Amino acid sequence: MRKFDTKVQHLKYKVLREVARQAWSDTLLKNVLEIPKIIVPGNTPTMRCCVYKERAILEERVKLAMGGDSGNPNVIEVIEIACDECPVGGYEVTNACRGCLAHRCEDVCKRGAITFDSNHVAHIDKTKCVECGACAKVCPYTAIVSRKRPCQNACKIKAISMNENKAAAIDNDKCISCGACVYQCPFGAIMDKSFILDVIELLKKSLADKNYKLYAIVAPSISSQFTYAKLGQVITGLKKLGFHTVIEAALGADMVAQAESKELAEKKFLTSSCCPAFVSYIEKNFPDLVPFVSHNLSPMATIAKYIKDTTENAKIVFIGPCTAKKAEVQRDRVKPYVDAVLTFEELQALFDSRDMDITTLEEGVLDNASYFGRIFARCGGLADAVAEGLKEQGLDDFELKAVSCDGIEQCRVALLKKSKNLLDANFIEGMACIGGCIGGAGCLTHGEKNKLDVDKYGREALEKTIADAVSVLK
């Protein structure tokens, strides 16, 4: 069974795996320049026209696998040398143009950007075109099409433009680190920084000292990943890597649902604070709505804080589908509680860097949370959990009117309506990724089946109420 959706993910994984292998054996600095040759041996290119360019790009991938540019605060970076295969983009006239007499495209263009050749075929002057798309809308043959780059299409907040070298450029003032561009770039020219080396250092200490307590907090969306193995085998694999204890982030979600429902009943209106990309989007685009963001930490940070408050010298690694979590742990409110973040892609690389076949392992147990905490992983799950929290705490006299936003475009619509007092809702559940966390850029696989897997995983929870799950912490 395939471990990844795309070959780009597989290439990224191979780099991470080799970096991790060298780090485990303390030979990384000595052999770092050899990693591209390990991945592409010989003189025959496998993906590019030239093996030397291919290896040069791999060198940049290795740098990102080792933490990337420390001078760039963004966790998403562009590999410029790899970003040269896409067309510049914009509206273009295709060979479907019939040279008609109507010339509606010319009439509707307010910039005079459209002219015709001797065969009456339309042409667009890029120096005049402002990409309004009016010509494409009126063409009866749909002969004018938008050739936007995949990264620009993926970025719904318009944080990506083209620089003077025609490579993608990310505006850090707009970017929310959701990673949509990372997953959609067909050449892997946009990547998230990895902190896998930090995790390996933590694991080495844990393996060397049995009193050292390194916790893995795993996102509930893990239930839809590693489809070639059983979830219990993944849990055993984590402990074999060196983690002392594996805890569900869903338990933190139960804690958040309980506290957030109470906060909502008191304040009468809230937006969720669980998705760091959504929170960042509010801060950068709707600053007047920041006071309405729930004061609760995210489920990851909530359970991490509990562990650190109750366990001396605990260290914590969060493992999930989210590139924005790597940005969240840099925030002052969260930094004390979470020591590093891994994506599921990076966890797969860690397993294989130790030549660990998790399908041969016995099944461990992961049962710390309720159904409601586990369904936080998909869009609508948080709203369902808040409704349950209100009910369990006797606050169901407060009428919950939730809007669950599936993707950043729906988030924008709901926030815009709220900013104009036109929103008929008192709770906005914001999920930057389509489908929720199960659509995160750091997932191994994406798709509708992931939602079904999460719901099935939720139903398997021993704790049937939020209160029951949270009670074990008291």
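Residues numbered from 1 in each chain as written. Predicted model: local features only at pLDDT ≥ 70, side-chain atom pairs only at ≥ 80, totals over all residues. Heavy atoms only, no water.

Trainee: Which residues make up helix 15 (residues 344-353), and what values go with them?
Mentor: In terms of burial, helix 15 is a largely internal element, ten of the ten residues being buried. One or two positions beyond helix 15, positive phi appears at Asp355, with a value near 55°. (Buried < 20%, exposed > 50% of the residue type's maximum accessible area, 1.4 Å probe, protein only. Helix = DSSP H or I, 4+ residues; strand = E, 2+ residues; numbered from the N terminus.)

Trainee: An account of the confidence of the model for the protein chain is needed here, citing residue identities and associated values.
Mentor: For the protein chain, the mean per-residue pLDDT works out to 93, and 99% of the residues sit at or above 70. When mean pLDDT is taken per element in the protein chain, helix 12 (residues 276-285) scores highest with 98 and helix 19 (residues 448-459) scores lowest with 82. (pLDDT = per-residue confidence, 0-100.)

Trainee: How would you sum up the pattern of salt bridges? Please name residues and give values.
Mentor: Should the charged atoms of two oppositely charged side chains come close, the side chains can pair. Within the structure shown, the criterion is met by 27 salt bridges. Where Lys63 meets Glu60, a salt bridge forms, and the shortest distance between an N and an O atom there is 3.2 Å. Here Lys63 pairs with Glu60, and both are found in helix 4 (residues 51-65), just three residues apart, close to one helical turn. A relative accessible area of 49% means that Lys63 is categorised as partly exposed. As a salt-bridge pair, Lys230 and Glu363 come within 3.5 Å of each other at their nearest N and O atoms. Pair noted here: Lys230 is in the loop between strand 9 (214-218) and helix 10 (231-241) and Glu363 is in the loop between helix 15 and helix 16 (371-374), with a separation of 133 residues, a long-range link. (Salt bridge = Lys/Arg side-chain N within 4 Å of Asp/Glu carboxyl O.)

Trainee: Any details on the packing of aromatic side chains? Residues and values, ideally.
Mentor: In the structure shown here, the tally under the stated rule is six aromatic pairs. Arranged with centres 5.3 Å apart and planes meeting at 90°, the rings of Phe269 and Phe292 form a pair that is edge-to-face. One end of the pair, Phe269, is in the loop between helix 11 (249-267) and strand 11 (270-271); the other, Phe292, is in the loop between helix 12 and helix 13 (299-310), and 23 residues separate them in sequence. Overall, Phe269 belongs to the buried group, its relative accessible area being 8%. The exposure class assigned to Phe292 is partly exposed, which follows from its relative accessible area of 31%. Put simply, the rings of Phe226, Phe344 and Phe351 touch in pairs and so form one group of aromatic residues. Over the aromatic face of Tyr228 sits the side chain of Lys3, whose NZ or CZ is 5.0 Å from the ring centroid. Here the basic side chain of Lys418 rests over the ring of Phe269, its NZ or CZ set 3.9 Å away from the ring centre. (Phe/Tyr/Trp six-rings, centres within 6.5 Å; stacked < 30°, edge-to-face > 60°. Lys NZ or Arg CZ within 6 Å of the ring centre and 35° of its normal.)

Trainee: Quick rundown of the pairing of strand 10 (residues 245-248)? Include the residues and the values.
Mentor: Bridging between strand 9 and strand 10 involves four bridges; their strand directions are parallel. Bridge assignment links Ile217 to a residue of strand 10, and that residue is Ile247. (Pairing = 2+ DSSP bridges.)

Trainee: Can you tell me about the nonpolar core, naming the residues and giving the values?
Mentor: Residues Leu238, Leu241, Phe243 and Ile319 are the most contacted members of the largest nonpolar core, which totals 94 residues. Of all the elements, helix 11 adds the most residues to this core, at nine residues. Setting aside chain neighbours within four positions, we find Leu241 in contact with Trp24, Leu203, Leu207, Leu347, Leu350, Phe351, Arg354 and Met356. With 44 residues, the next largest nonpolar core counts Cys83, Ala168, Ala189 and Ala277 among its residues. (Core = buried A, V, L, I, M, F, W, Y, C linked by side-chain atoms within 4.5 Å. Contact = heavy atoms within 4.5 Å.)

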